[in-house]
Amino acid sequence: MAEVSLQKVVKRYGHHVVVPHLDLTIADGEFTVLVGPSGCGKSTTLQMIAGLEAISEGTLLIGGRDVTVLPPKERDIAMVFQSYALFPHMTVRDNINFGLRIRRTPAAEMARQVAEVAERLKIDSYLDRLPKALSGGQRQRVALARALVRRPGVFLMDEPLSNLDAKLRVEARSFLSKMHQELGITTVYVTHDQSEAMTMGSRIVVMKEGVIQQAAPPLDVYRKPANRFVAGFIGSPSMNFLEMGIENGQLVDPAVGFRITVPENRRAELGRTKAGRVVLGVRPEHLHLLPRDTAAIDALTFKIDVCQHLGDEMLLDVAAGPHRVIARAHAEDDARVGEGRAFRVDMDRVHFFALDSERNLAFA
């Protein structure tokens, strides 16, 4: 096991800068998830840690040792890719012990290690099969076994579950989390799926255009997003954003008749912007559908455009003027497409973002 430290790391291709400046320390035994949209630099960062991409500037330490220019085989890392990359003509046993044979591990020791990791990953009954005789989930476990049998100091995973179907992905997430709890190997995991990030990581690093937007435990990222980008990326469905005016402790949009009183303990946040306007961030679960004909102070009226029934709940696509948002509702609510309904905003759970910097005004 080992700490990973990227210090003032820069990655460029010619004149194109992919990662402009990266400072990140991953503690020994931590499960860190790099998450962000395609092209944000997360996979490039992982490949620099692995040694598959050269670092243009800066320093990379693994276990306190400078490995910036060392080849992958000397970094004490193991990597699992999106593609399983198994040898199709080799049995599961031979795929797993391939790296051990390259290192000339004694036969008895090799057999012991393969048996141990195969039992841990519940693939010991498949050792004599070829990869084509395995399911996608089983192949993924073989790829993991091949990496684990090396007993690396750092485990690197580049979207390893993206080829699995929805049910297998849920099972695999649980399996990987449990495996990390048991082994405690420092793990860096790359994904564009924020659900994977929330459920698996002990810390989430949200990236945009090669820059870290926020690095914190999952619930902190969800409850205390640093800026509008993080708030919109983490959460499913994503956070709703409404641009509103500020007027005597209220958020207003006269064009559609919106007027919401801001609690006294939140008004100081509004004072941190001089624009006279703010972006109100509301998650779908904090926008509550009210019963018909309910007279409620500060209620917002939206027209329901779409009802998405999900069994135990509904997602409502609603609109008012330029504002288009999504709200969660109970499956028993008799919301109908085309009708106007009142919604109450949970003002204790909302966020205020600056128009210019897009920073969360609670932390500005």
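Reading guide: rules and limits
- Counting restarts for each chain, with residues numbered from 1 along the sequence as it is written.
- Owing to the predicted nature of the model, reporting of local features is limited to residues with pLDDT of at least 70; listing and counting of side-chain atom pairs is limited to 80 or more, with chain, interface and lining totals taken over all residues.
- Computation of side-chain values: all heavy atoms of the structure, hydrogens and water removed.
- A pair of strands is treated as paired once DSSP finds two or more bridges between them.
- Strands are runs of DSSP state E lasting at least two residues, helices are runs of H or I lasting at least four, and both sets are numbered from the N terminus onward.
- Whether two residues are in contact is decided by their heavy atoms: any pair within 4.5 Å suffices.
- Salt-bridge detection follows one rule: a side-chain nitrogen of Lys or Arg within 4 Å of a carboxyl oxygen of Asp or Glu.
- Working definition: with a 1.4 Å probe on protein chains only, accessible area under 20% of the residue-type maximum means buried, over 50% means exposed, and in between means partly exposed.
- For Phe, Tyr and Trp, rings pair up if their centres lie within 6.5 Å, where Trp contributes its six-membered ring, and each pair is then called stacked (planes under 30 degrees apart), edge-to-face (over 60) or tilted (otherwise).
- A ring is considered to have a charge above it if a Lys NZ or an Arg CZ atom is located within 6 Å of its centre and within 35 degrees of its normal.

Focus on the pairing of strand β1 (residues 4–13)
Right, so step 1: Pairing analysis gives five bridges linking β1 to strand β4 (residues 57–62), with the strands arranged antiparallel. In the strand pairing of β4, Val4 is matched with Ile62.
Right, so step 2: Pairing between β1 and strand β2 (residues 16–26): seven bridges, direction antiparallel. Note on β2: the bridge partner recorded for Val4 is Ile26.
Right, so step 3: The loop that links β1 with its antiparallel partner β2 comprises two residues; one of these, Gly14, has a positive phi angle of about 65 degrees.

Structural notes on the environment of His286
Right, so step 1: Summarising the element assignment, His286 is placed in the loop between β14 (277–282) and β15 (287–289).
Right, so step 2: Along the chain, His286 and Asp348 lie 62 residues apart, while their C-alpha atoms are 9.2 Å from each other.
Right, so step 3: Beyond its immediate stretch of four places on either side in the chain, His286 contacts Arg344, Val345, Asp346 and Arg349.

Concerning unusual backbone geometry
Right, so step 1: Of the consecutive residues Ser236 and Pro237, the connecting peptide bond is found in the cis state with omega at -5 degrees.
Right, so step 2: When you line up the elements, Pro237 lands in the loop between α8 (228–233) and β11 (240–247).
Right, so step 3: Of note, the phi angle at Arg104 is positive, near 60 degrees, even though the residue is not glycine.
Right, so step 4: Along the chain, the position of Arg104 falls in the loop between α2 (92–102) and α3 (107–120).
Right, so step 5: Residues other than glycine seldom take positive phi values, yet Glu159 does so here, at roughly 45 degrees.
Right, so step 6: Structurally, Glu159 is set in the loop between β7 (154–158) and α5 (166–183).

Focus: the pattern of salt bridges
Right, so step 1: In the structure shown here, the tally under the stated rule is 18 salt bridges.
Right, so step 2: Residues Glu339 and Arg292 are paired through a salt bridge, measuring 2.9 Å at the closest nitrogen-oxygen approach. Here Glu339, found in the loop between β18 (323–330) and β19 (340–345), pairs with Arg292, found in the loop between β15 and β16 (300–309); they are 47 residues apart in sequence, far enough to count as distant.
Right, so step 3: Glu339 sits in the buried class, given a relative accessible area of 14%.

Concerning the packing of aromatic side chains
Right, so step 1: By the definition in use, this model includes six aromatic pairs.
Right, so step 2: A centroid spacing of 5.8 Å and a plane angle of 70 degrees characterise the contact between Phe241 and Phe353, whose relative ring orientation is edge-to-face. Of this pair, Phe241 sits in strand β11 while Phe353 is found in strand β20 (residues 351–353), placing the two residues 112 residues apart along the sequence.
Right, so step 3: Of the residues examined, Phe241 reaches a relative accessible area of 22% and is grouped as partly exposed.
Right, so step 4: Look at Phe353 and you get buried, because its relative accessible area is 0%.
Right, so step 5: Arranged with centres 5.8 Å apart and planes meeting at 75 degrees, the rings of Phe302 and Phe343 form a pair that is edge-to-face. Taken together, the residues Phe302 in strand β16 and Phe343 in strand β19 connect sequence positions 41 residues apart. Take Phe302 and Phe343: they sit in the same class, and that class is buried.
Right, so step 6: Linked through ring pairs, Phe258, Phe302 and Phe343 together constitute an aromatic cluster.
Right, so step 7: The ring of Tyr13 carries Lys11 above its face, with NZ or CZ at 4.7 Å from the centroid.

Observations concerning the environment of Arg324
Right, so step 1: Of note, Arg324 is situated in strand β18.
Right, so step 2: For the pair Arg324 and Ile212, spaced 112 residues apart in sequence, the C-alpha separation works out to 29 Å.
Right, so step 3: Arg324 has contacts with Asp305, Val318 and Ala319, leaving out every residue within four places of it along the chain.

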